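Letter by letter, the chains look like this.
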Amino acid sequence: MVPSNIGYSLHEAFRHFRRNWSTVLGAIVTIFLSLFVIGMFVLGSVMVGNLVGNVEDRVTIQAFLSDSADKTAVTALEKKVEGWKNVQSVTYKSKEQALNEYKKTMSNRNASDAVAALDGDNPIPASIVIKLKNPQNVESVAKRLIKDSDFAKVADNSSNPSASVQYGRETVERLFSVTYYLRIAAIVLVALLAFIAFVFINNTIRLAISARRREIAIMRLVGASNGFIRGPFMMEGLLEALIGSVLAVVALNAGLSVVMPKLQTSLKFLSFNLPTNVLVGTYVGLIVIGMLLGMFGSMIAMRRYLKV
């Protein structure tokens, strides 16, 4: 609700700021800290979500093939699996490609010693690598592949096809469990901090109302409207919330400009980039949330204690 007299409301709000600066400062600091932590947690969740998304994108199923597998049968299996509902692509990896990847994952010295010990043999089997449209479906696709009769014919271990299929089951389950709890924790923390800011604004307005009960009674006697009486209190709540939210945005942006380059320098293999639209949306969202908290905190305080 818009105050019926904006000029008078602003004047009275600033007058209360001067008279009760310690209470007002406490409300602003609480709003600032609450929104700062909310913003930090939201942006942190976005970064973690991006990192987890990158890891999830790397979740694949690797099905090892027998060295004596018929090439035609392998090609037919690739086309068959590629046509499954949840499969995005199927890639054939030869024994030579597998050995080269092994060398890259090991240190140069260890790889050289291990390859030399093989004496020209390559024990790493060829495989097909299955990439999924949704990593959450990895287990169902892996089970379907294990039960497939065409795969059993070309599997590295034909008597036990499950031994020829790898997708890091425990790691995948742990990853999805962590992402689930992260999302729940984010929602709970944001709701809790918003509630704390709301309660503090509500209490601040209640104190302002108590300090001006006599003045409010006189205003009612001379016929002041409810909107005229509400105006200063709503304006006070909005100003406290606006100042606190703007300070939170400034502090958050300054912190990101310092921390992000250091993170990117120390962890070059990870990407901590935050899209501009995410940053702008978060900053605008914090200001809007702050002003809504200020407005509703003021309105509820007035309804309970002014009955207007």
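Residues numbered from 1 in each chain as written. Predicted model: local features only at pLDDT ≥ 70, side-chain atom pairs only at ≥ 80, totals over all residues. Heavy atoms only, no water.

(A) Looking closely at a nonpolar patch on the surface. A surface patch of nonpolar side chains, amounting to about 400 Å² of accessible area, comprises Val280, Val284, Val288, Leu292 and Phe296. Of note, Leu292 is situated in helix 11 (residues 276–305). Classification of Leu292 by relative accessible area gives partly exposed; the value is 38%. (Patch = residues over 30% accessible without salt bridge, like charges linked within 9 Å, V, L, I, M, F, W, Y side chains within 5 Å. Areas by Shrake-Rupley, 256 points an atom, 1.4 Å probe, with all protein chains shown as cover. Salt bridge = Lys/Arg side-chain N within 4 Å of Asp/Glu carboxyl O. Helix = DSSP H or I, 4+ residues; strand = E, 2+ residues; numbered from the N terminus. Buried < 20%, exposed > 50% of the residue type's maximum accessible area, 1.4 Å probe, protein only.)

(B) Representation of the nonpolar core within the structure. In this structure, Ile61, Val81, Val87, Ile130, Leu145 and Phe151 are the most contacted members of the largest nonpolar core, which totals 23 residues. Counting only elements with at least two residues in this core, the list comes to strand 1 (60–64), helix 3 (71–82), strand 2 (87–93), strand 3 (127–132), helix 6 (138–147) and helix 7 (149–154). The dominant element in this core, judged by the number of residues it contributes, is helix 6, at 4 residues. For Leu145, the residues in contact, after removing those within four places along its chain, are Ile61, Ala63, Val81, Trp84, Ile130, Phe151 and Val165. Counting 15 residues, the second largest nonpolar core, distinct from the first, contains Ile31, Leu43, Met47 and Leu286. (Core = buried A, V, L, I, M, F, W, Y, C linked by side-chain atoms within 4.5 Å. Contact = heavy atoms within 4.5 Å.)

(C) Summary view of the pattern of salt bridges. In this structure the tally under the stated criterion is 4 salt bridges. Asp148 is the partner of Lys80 in a salt bridge, and the nearest nitrogen-oxygen pair spans 2.6 Å. Remark: Asp148 occurs in the loop between helix 6 and helix 7 and Lys80 occurs in helix 3; sequence separation between them is 68 residues. Here the salt bridges do not stand alone but share partners, grouping Lys80, Asp148 and Asp150 into one network.

(D) Structural view of the environment of Glu82. Structurally, the position occupied by Glu82 is in helix 3. For Glu82 and Lys131, which are 49 residues apart along the polypeptide, the C-alpha to C-alpha distance reads 9.3 Å. When residues no more than four places from it in sequence are discounted, the contact partners of Glu82 are Val87, Ser89 and Val90.

(E) Expanded view of the sheet that holds strand 3. On the basis of which strands lie adjacent, the open sheet formed by 4 strands has the order 2-3-1-4 and antiparallel pairing. In this open sheet, the two strands that pair with only one neighbour each are strand 2 and strand 4 (165–166). With 2 bridges joining them, strand 1 and strand 4 adopt antiparallel strand pairing. Within strand 4, the residue paired with Gln62 across the bridge is Gln166. Contacting strand 2 and strand 3, helix 3 runs over the sheet at an angle of about 160 degrees to strand 2. (Pairing = 2+ DSSP bridges. Axes fitted to C-alpha atoms, helices over the stretch in contact; angles between N-to-C directions.)

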